[in-house]
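# Observations on the model geometry
As a plain string of letters, each chain reads:
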Amino acid sequence: NAGVTQTPKFRILKIGQSMTLQCTQDMNHNYMYWYRQDPGMGLKLIYYSVGAGITDKGEVPNGYNVSRSTTEDFPLRLELAAPSQTSVYFCASIKTGSGNTIYFGEGSWLTVV
Amino acid sequence: QKEVEQDPGPLSVPEGAIVSLNCTYSNSAFQYFMWYRQYSRKGPELLMYTYSSGNKEDGRFTAQVDKSSKYISLFIRDSQPSDSATYLCAMSAIFNQGGKLIFGQGTELSVKP
């Protein structure tokens, strides 16, 4: 198992550009999450999904969109990138009833200039 | 008011000291409480998981939950330099069935040799 895979690991965007952060898990987990972590801060939930075709907003959804067309993939889309979206993004997944271990990806470092 | 509050520190202790890390929360529906450790430029890793009130011990780590006071703690005995990291508390209302997992800000801990 590769676990939770995020791409890209590093990216620099210009203000107003759009991009998609990819997240894939091969553990057949039903729940997936996107978090952002600003320097010296905890993780803030952007969006989460309880299964294919179902997504819901977290604490800080503005400026982002997600989709969950398959169990494996949970891409995060940034439209019209802004400097405030400069952050580290973590994707995570969990299989409910499995002991509640949440698996995190390695993170994606995004800078908007 | 934030749902989860955590003192960001930084906290610096000598090797061998007992470390106490704490979080308070406002949502009385939270039932699942976790502590994560995060090393620099890495994703969080689960340290301790507790359901409802009570204590849980794992080696040098003890997690306590006091739901009446909406207060959770993590104690680290005989702290080691390798314990130097950021510690994040996290909690959820229905995590065992999926759902939002909310993190605290994180406390940066430094254990000096």
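Scroll up a little and you will see the structure.
Residues numbered from 1 in each chain as written. Chains lettered and ligands numbered in written order. Predicted model: local features only at pLDDT ≥ 70, side-chain atom pairs only at ≥ 80, totals over all residues. Heavy atoms only, no water.

Moving on, we get to the overall build of chain B. Of the regular secondary structure elements, chain B holds zero helices and eleven strands. Start at the N end of chain B and walk to the C end: the helices and strands fall as β-β-β-β-β-β-β-β-β-β-β. Across its three principal directions, the C-alpha atoms of chain B cover 40 × 30 × 25 Å. Within chain B, the proportion of its 113 residues that are buried is 44%. Look at the contacts in chain B between residues 6 or more apart in sequence, and 55% of them connect residues 24 or more apart. Surface exposure of chain B reaches about 5,200 Å², of which carbon and sulfur atoms provide 47%. Across chain B, 11 positive and 11 negative side-chain charges occur, with their mean positions spaced 6 Å apart. (Helix = DSSP H or I, 4+ residues; strand = E, 2+ residues; numbered from the N terminus. Buried < 20%, exposed > 50% of the residue type's maximum accessible area, 1.4 Å probe, protein only. Contact = heavy atoms within 4.5 Å. Areas by Shrake-Rupley, 256 points an atom, 1.4 Å probe, with all protein chains shown as cover. Lys, Arg positive; Asp, Glu negative; His and termini not counted. Charge placed at Lys NZ, Arg CZ, Asp CG, Glu CD.)

To continue, consider the state of the cysteines. All names here are of chain B. Applying the stated criterion across every chain yields a total of two disulfides over all chains. With a sulfur-sulfur separation of 2.0 Å, cysteine 23 is cross-linked through a disulfide to cysteine 89. As the torsion about the S-S bond is roughly -100 degrees, the cysteine 23-cysteine 89 disulfide counts as left-handed. Here cysteine 23 is found in strand β3 (residues 19-25), whereas its partner cysteine 89 is found in strand β9 (residues 85-92), with 66 residues between them in sequence. Of the two residues, cysteine 23 and cysteine 89, neither departs from the other in class, the shared state being buried. (Disulfide = S-S within 2.5 Å.)

A separate point is the environment of glutamine 38 of chain B. Relative to the assigned elements, glutamine 38 of chain B resides in strand β4 (residues 32-38). It is 9.3 Å that separates the C-alpha atoms of glutamine 38 of chain B and serine 84 of chain B, two residues lying 46 residues apart in sequence. Look past the residues within four positions of glutamine 38 of chain B in its chain and what remains in contact with it is Gln37, Leu43 and Phe90 of chain A together with Gly43, Pro44, Ala85, Thr86 and Leu88 of chain B. At 2.8 Å, the side chain of glutamine 38 of chain B forms a polar contact with the side chain of glutamine 37 of chain A. Only 2.8 Å separates the side chain of glutamine 38 of chain B from the backbone oxygen of lysine 42 of chain B, close enough to count as a polar contact. (Polar contact = N/O pair within 3.5 Å; in protein donor to acceptor, adjacent residues only side chain to side chain.)

Following threonine 7 of chain A, the chain continues to proline 8 of chain A via a peptide bond in cis, the omega torsion being -10 degrees. Structurally, the position occupied by proline 8 of chain A is in the loop between β1 (4-7) and β2 (10-13). Of the consecutive residues glycine 9 of chain B and proline 10 of chain B, the connecting peptide bond is found in the cis state with omega at 10 degrees. The phi angle at serine 52 of chain B is positive, at roughly 60 degrees, despite the residue not being glycine. For serine 52 of chain B, a relative accessible area of 24% translates into the label partly exposed. Unusually for a residue other than glycine, lysine 70 of chain B sits at a positive phi of about 55 degrees. Among the structural elements, lysine 70 of chain B can be located in the loop between β7 (61-66) and β8 (71-76).

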